[in-house]
Amino acid sequence: MKIAPSILSADFGCLQEQIHAVEEGGADWIHVDVMDGHFVPNLTIGPLIVEAARRATELPLDVHLMIEAPHRYLDAFVGAGADIVTVHVEACPHLHRTVDQIRKLGARPGVALNPGTPLDTVREVMADLDLIVIMSVNPGFGGQRYIPGSTDKIRRARVLAEELSVELEIEVDGGVDSRNVGEVQDAGATVVVAGSAVYGHPHGPGAGVRALRDLSVHQG
Ligand code: DX5
Ligand code: ZN
């Protein structure tokens, strides 16, 4: 299972060191949470920070766009160094076209679903994706509690992928910590995002990544 620490919970005063710390802990991807104050009630970062993260690491940058009309900014984020670009199904009336645009720009497309959004909404584009993101909190803030019903949705996402014979990563985002990472992996997640559990770990971000890795291996 891959671990993608979310820099949303990092100290942006020393972002590069904060990225190096999770890299040293064995992180697989770096998760970057982009929020626009419209699609979600919070504002975070734009392509400039993606560029700074790009300079800090060679790990894949997993850029999660929680923004309206994401097709307007795909160029900017891929140009800044995003490897994986995830858009929200709720923000894309022309989802197939948006996914296609991401692929044509040379990045790997992902689609995220809010907790209240049924899996069926991605069925028709599933074969075109590298990643499906099951949101296990309502997006907008780090440090929220994992919504228990998400585990069943992860399981159903895995079943759907098998039914369609599609190979893609199943990422779970929100509230993942040492108490639920085994259950999340067991349900079929291949990537977990963790912000507060990693950057808020009492022994530092590297230890935060290692703790999740140990638990996922033993419980999963
Ligand atoms: C939620 C973001 C998540 C979140 C992860 O809107 O997409 O990536 O910040 O942080 P934790 O692990 O603290 O829930
Ligand atoms: Zn995210």
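Residues numbered from 1 in each chain as written. Chains lettered and ligands numbered in written order. Predicted model: local features only at pLDDT ≥ 70, side-chain atom pairs only at ≥ 80, totals over all residues. Heavy atoms only, no water.

Asker: Which residues make up the pattern of salt bridges, and what values do they have?
Answerer: As enumerated under the stated definition, the model contains 11 salt bridges in all. Two residues, Asp100 and Lys104, come together in a salt bridge whose shortest N-O distance is 2.7 Å. Remark: Lys104 and Asp100 occur in helix 4 (residues 95-104); sequence separation between them is 4 residues, near one turn of the helix. Put simply, Arg108 and Asp130 hold a salt bridge, and the shortest N to O gap is 3.1 Å. Note that Arg108 is positioned in strand 5 (residues 108-113) and Asp130 in the loop between strand 5 and strand 6 (131-135), a separation of 22 residues in sequence. Overall, the relative accessible area of 32% leaves Arg108 in the partly exposed class. Residues participating in the shared-partner salt-bridge network are Arg103, Arg108 and Asp130. (Salt bridge = Lys/Arg side-chain N within 4 Å of Asp/Glu carboxyl O. Helix = DSSP H or I, 4+ residues; strand = E, 2+ residues; numbered from the N terminus. Buried < 20%, exposed > 50% of the residue type's maximum accessible area, 1.4 Å probe, protein only.)

Asker: Give me the lowdown on the packing of helix 1 (residues 15-24) against helix 2 (residues 47-56), citing residues and values where you can.
Answerer: With their axes 9 Å apart at the nearest point, helix 1 and helix 2 run at an angle of 50 degrees to one another. Here helix 1 lies oblique to helix 2, going by the angle between them. When you trace helix 1 past helix 2, the crossing you get is right-handed. Of the residues in helix 2, those in contact with Leu15, Gln16, Ile19, His20 and Glu23 of helix 1 are Ile49, Ala52, Ala53, Arg55 and Ala56. Tallied by class, residues from the contact of helix 1 with helix 2 come to 6 nonpolar, 2 polar and 2 charged. (Axes fitted to C-alpha atoms, helices over the stretch in contact; angles between N-to-C directions. Parallel < 35°, antiparallel > 145°, perpendicular 65-115°, else oblique. Left-handed = near helix turned anticlockwise from the far one by under 90°. Contact = heavy atoms within 4.5 Å. Nonpolar A, V, L, I, M, F, W, Y, C, P; charged D, E, K, R; others polar.)

Asker: I'd like a rundown of the coordination of the zinc ion (ligand 2), residues and numbers included.
Answerer: Taken together, the protein donors to the zinc ion (ligand 2) comprise His31 (NE2), Asp33 (OD), His64 (ND1) and Asp173 (OD), at separations of 2.0 to 2.3 Å. With 6 donor atoms in place around the zinc ion (ligand 2) and angles of 69 to 172 degrees between them, the coordination shape is octahedral. Counting residues between consecutive donors of the zinc ion (ligand 2) along the chain gives the motif H-x1-D-x30-H-x108-D. Taken together, the residues Asp33 in strand 2 (residues 30-35) and Asp173 in strand 7 (residues 169-173) connect sequence positions 140 residues apart. Using a relative accessible area of 7% as the deciding quantity, one classes Asp33 as buried. (Donors = N, O, S within 2.8 Å, 3.2 Å for Na, K, Ca; no water. Tetrahedral: all angles 85-135°; square planar, octahedral: opposite > 155°, others 65-115°.)

Asker: So what's going on with the sheet that holds strand 3 (residues 61-66)? Which residues, and what values?
Answerer: The strand order across the open sheet built from 8 strands is 1-8-7-6-5-4-3-2, with neighbouring strands paired in parallel fashion. Pairing within the sheet leaves two strands with one partner each, and these edge strands are strand 1 (2-5) and strand 2. Averaged over all pairs of adjacent strands, the angle between strand axes in this sheet comes to 25 degrees, irrespective of strand direction. Examined bridge by bridge, strand 4 (residues 84-88) and strand 5 share 5 bridges and lie parallel to one another. Paired with Val85 across the strands is Pro109, a residue of strand 5. (Pairing = 2+ DSSP bridges.)

Asker: Go over the site of ligand 1 with me, naming the residues and quoting the values.
Answerer: Neighbouring ligand 1 are 20 residues; Asp33, Gly143, Asp173, Gly195 and Ser196 lie closest to it. Contact distances for ligand 1 include 2.8 Å between an oxygen atom and a backbone N or O atom of Gly143. Between ligand 1 and Ser196 there is a distance of 2.6 Å, counted from an oxygen atom to a side-chain nitrogen or oxygen. Here ligand 1, which alone exposes 380 Å², has 100% of that area covered by the protein. One can see that ligand 1 is located within the largest pocket. Where the shell around ligand 1 is concerned, the elements lending two or more residues are strand 2, strand 3 and strand 8 (191-194). Ranked by residue count, the leading element in the shell around ligand 1 is strand 2, at 3 residues. (Near = heavy atom within 4 Å. Polar contact = N/O pair within 3.5 Å; in protein donor to acceptor, adjacent residues only side chain to side chain. Areas by Shrake-Rupley, 256 points an atom, 1.4 Å probe, with all protein chains shown as cover. 1 Å grid on protein atoms, 1.4 Å probe; cavity = no way out; pocket = protein on both sides within 12 Å on 5 of 7 lines; lining within 4 Å. Sits in = over half its atoms within 2 Å of the grid points.)

Asker: Account for the side chain of Ser136, with residues named and values stated.
Answerer: Position of Ser136 relative to the elements: it lies in the loop between strand 6 and helix 5 (150-163). Since its relative accessible area comes to 0%, Ser136 is described here as buried. From its side chain, Ser136 meets the backbone oxygen of Gly174 in a polar contact 2.7 Å long. Excluding residues that lie within four positions of it along the chain, Ser136 makes contacts with Arg145, Tyr146, Ile147, Ser150, Val172, Asp173 and Gly174.

Asker: Summarise the environment of Val22; cite the residues concerned and give the values.
Answerer: With respect to the element layout, Val22 can be found in helix 1. You can call Val22 buried: its relative accessible area is 0%. Ignoring anything within four residues of it in the chain, the contact list for Val22 reads Pro5, Ala27, Ile30, Val198, Tyr199, Pro205 and Val209.

Purely spatial values, then, with no claim about function.
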